[in-house]
Structure formats: C-alpha cells, structure tokens
Amino acid sequence: MLRKKIAISLTILLCLSLFAPISNVFAAGGLTLYTPYTGLSVTPGETLTYDVTVINDNSSIQNVSFDVNGLPEDWDYSITAGGNDISQLSIRGSNEQEISLEVTVPLEVKKADYSFELVADGEGDAYAELPFVTKVTEEGTFNSEFSSDQPNMEGHADAAFSYSATLRNRTADEQTYALSAGAGEGWGVQFKADGNNVTSVTLEPNGSKDITVEVTPPTDVKADTYEIPIRAANGSTSSDLTLEAVITGSYDISISTPDGNLSADVTAGNNRTIDLVVENIGTATLNDISISASTPPNWESEFDENSIATLEAGESKTIKATLSAPNDAIAGDYVTTFTAETSEVSSDADFRVSVETSTLWGVISVLIILAIVGGLYFIIRKYGRR
C-alpha cells in the first residue's frame, strides 16, 4: 500500500512538472538572478535601469563577479550596488542582495529589438544568467534636428507671422547653437525661447527646446509665397529649417476729393455738398467699408451712401457728403474729418470749411446803421439850433 501511494505521488509530481512554467533564467550551484522587468522599450539616447536581486541559495558565502554578454556595439552599461560601481559582490549564505544594471542606448541606433544578458559567476559551479530584451521604438541619429509642425502660414502684408519650432540635440555632448535667418532684404526675423528674445540656445545631450520664430514682412512686400531659411549651428553640428510665408496682399485705402482740394465755403445756416472719392490703393480686396464724419459742434453731416460693400484693388467709388452749418455759426474756418474704415485699415481726410455770414444779415446791418445815422441827423436838425 505504501509503495502504491509513493508511485501515485511521483506520478502527480511528474504531471505537474510538465505544466510548470520554464524560467528563462539559467542558474546553477545555488545562484539566481531575478528582476520583474526584463523587456522594456526605449528611445535613442535613453538610459534603462534594471533592479536585480542576486540570490545565494548556498549555505556558504559566495563572492560573485558580474558581466554583461551580447551587448550591442556602442551601448554602455554600469553595475552598481549601494551607489558604487562594482565588479564583484560578497553574499552570505542563504541570503540575497540588490544590484542595479544601467544600460545606455546610443543616439545613433536602428529601430529593432536587442538582446543581451547579465552574468553572475560565483565560486565553484555557482553561476547564473539573466537575459534581457530591449525594444528601440524609433530610429536614432547622431545630429541636430530643427523642425516645425506648421512651417507654412498665410496672411496679409501688414501681418506678423509667428512660427513654433523645436530644436533637438541628438548628439552625446552639450551644444550651444547660434540662431540665424536668411530672409530677404526688409524682412524682420526674431527668435524667442522661454519668453525671451535670443540669438543662441544651449541644449543638453538628447535635449530639446521650443523656439518661437517671429517674422515681419517689409512694408512694400507684394502678394506672393516667400521662403525664410532658418539655421541653428555651431562648429560641430547644424540643422536647417525652411519656413514659408504666403502674402495674400496689402491693405490700404484713401479718402479725398476728385481734385484733391480739401476746402470749401459755406454760409451760416446753409449746407454744402462735397464729392468724396474712396479708393482701394492696396493689393487685396476690401470689404464692408464704412464712411463717417467728425464735424464741429452743432454741425450736421449726411451721406448718400455711408458704406461700401466691396472694393477691389485699384477701384474707387465716389460718395456725396452734405455738410450743414448752424444758423448761428460765426464766420471763420471749421474742420470736418471724413473717415473711410475697414477691419484691416482706415484713412482720414481733414476738410476745411470757411463760414461766411448771410447776405440778409449784412443788409439788415446796413439798414440798422443807416437808421441810426438818420436818427442822429434828425435830432441834430431839430434840436441843434436851440
């Protein structure tokens, strides 16, 4: 009966062993390496840190030395314990200790899966291997990168273009980059980083910085597409970026009279009609142009049209404006300002109006003077001899 029970137990243990997971850690002589994360993803230039437990199942002290096999070329590693670089570690029997394996991926590396293993070699037949798989998720380069998510912008000639760019240092050394622009004559280019105007920036290895590039077109720029070359460079590395500004046209408007004369006469209590010419002197279409006047106190102004829906480049339109002077206006010069305005641009014209008193009041004044003189004459004739 006892033999039968032993046979059944051995059979159960054998079956369980067939379904037990097979460890990928090779160990012999009572030495084991363990870490929960043996497969990590990384980008070029990053450093991975693996916390590894070294287990000594022997009853005696083990002096264990470490090495890394199969590490790809140009990859670096270090093994530390207690903050110190080590090559050998002494572990008491039936005990364990922690070490750290740091692996640095170079900047110039292909996108792929890379395998290597940590080796622990103790005394006698004590030996263990711990395999790792590192997945490099993107192609790496040993250079600098200057890029922008939106290098093309559109606007009118008076607009300021603001581009957001990113400069990356894909080298293994700290780099100081001088920033420059190859824009044409009259173009203004200003670089900003961290809210300040800059001409250069310094980046740590594998570091990056956001840079704002503000571009101002010249005043006489024509509608067209313009390229603005941008460069970040030093003695060892450089990167170029080409920005594009699409100028849709310039906005400009004028308001005057057909002959350019900005003066007229009016009699107090009367009105004067003035022809105003509104002209689009830019290269872009103007829409929703409003016409208004700023008159002296108690004066009135009226327009046959106080708005223009659309005015193409080079076109003009004549508007009739009527100015009314109050009855009690004193003789002299008065200024009325006419304005043509859109959401993009406006223009003013100062119109001088000379007020003359009414002829009727002049006749009345003469009659009053004659009546006074006649009255004086009558008094003198009648009472002058007494």
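Residues numbered from 1 in each chain as written. Predicted model: local features only at pLDDT ≥ 70, side-chain atom pairs only at ≥ 80, totals over all residues. Heavy atoms only, no water.

Before we go on, may I ask you to explain the UniProt feature "domain: Alpha-galactosidase NEW3" (unreviewed entry) in the protein chain in this structure?
The UniProt record annotates "domain: Alpha-galactosidase NEW3" (unreviewed entry) at residues 266-341. In residues 266-341, the share of helix is 0% and the share of strand is 64%. The end C-alpha atoms are 27 Å apart. (UniProt positions renumbered as here; feature names shortened; annotations may be inferred. Helix = DSSP H or I, 4+ residues; strand = E, 2+ residues; numbered from the N terminus.)

Mind showing me how you'd approach the confidence of the model for the protein chain here?
Any segment with low pLDDT has predicted coordinates that should not be analysed in fine detail. Averaged over all residues, the pLDDT of the protein chain equals 88, while 90% of them reach at least 70. Every residue in residues 1-24 is under pLDDT 50, and counting partners more than four places away or in other chains gives one contact. (pLDDT = per-residue confidence, 0-100. Contact = heavy atoms within 4.5 Å.)

Just to check I follow, could you spell out the pairing of strand β11 (residues 127-136) for this structure?
In regular strands, side chains alternate between the two faces of the sheet. Note: strand β3 (residues 39-42) against β11, four bridges, orientation parallel. Bridging across to β11, Ser41 finds its partner in Lys135. Linking two consecutive strands that pair antiparallel, namely strand β10 (residues 113-121) and β11, is a turn of five residues; a positive phi of about 65 degrees is found at Gly124 within it. (Pairing = 2+ DSSP bridges.)

How should I be thinking about the sheet that holds strand β20 (residues 224-233) in this particular structure?
The strands that make up a sheet pair up through hydrogen bonds in the backbone, lying either parallel or antiparallel. One open sheet holds the five strands; their spatial order is β13-β21-β20-β15-β18, and the pairing between them is mixed. In this open sheet, the two edge strands, each paired with only one partner strand, are β13 (152-155) and β18 (200-203). Ignoring which end each strand starts from, the neighbouring axes of this sheet average 25 degrees apart. Summarising the sheet, strand β15 (residues 175-181) and β20 pair through four bridges and their orientation is antiparallel. Counted as the bridge partner of Ser180 is Arg231 from β20. (Axes fitted to C-alpha atoms, helices over the stretch in contact; angles between N-to-C directions.)

Is there a simple way to think about the side chain of Thr134 in this case?
Residue position: Thr134 is located in strand β11. There is a polar contact of 3.3 Å between the side chain of Thr134 and the side chain of Tyr50. Apart from residues lying up to four places away in sequence, Thr134 is in contact with Leu40, Val42, Leu48, Tyr50, Trp75, Ala112, Asp113, Tyr114 and Phe116. (Polar contact = N/O pair within 3.5 Å; in protein donor to acceptor, adjacent residues only side chain to side chain.)

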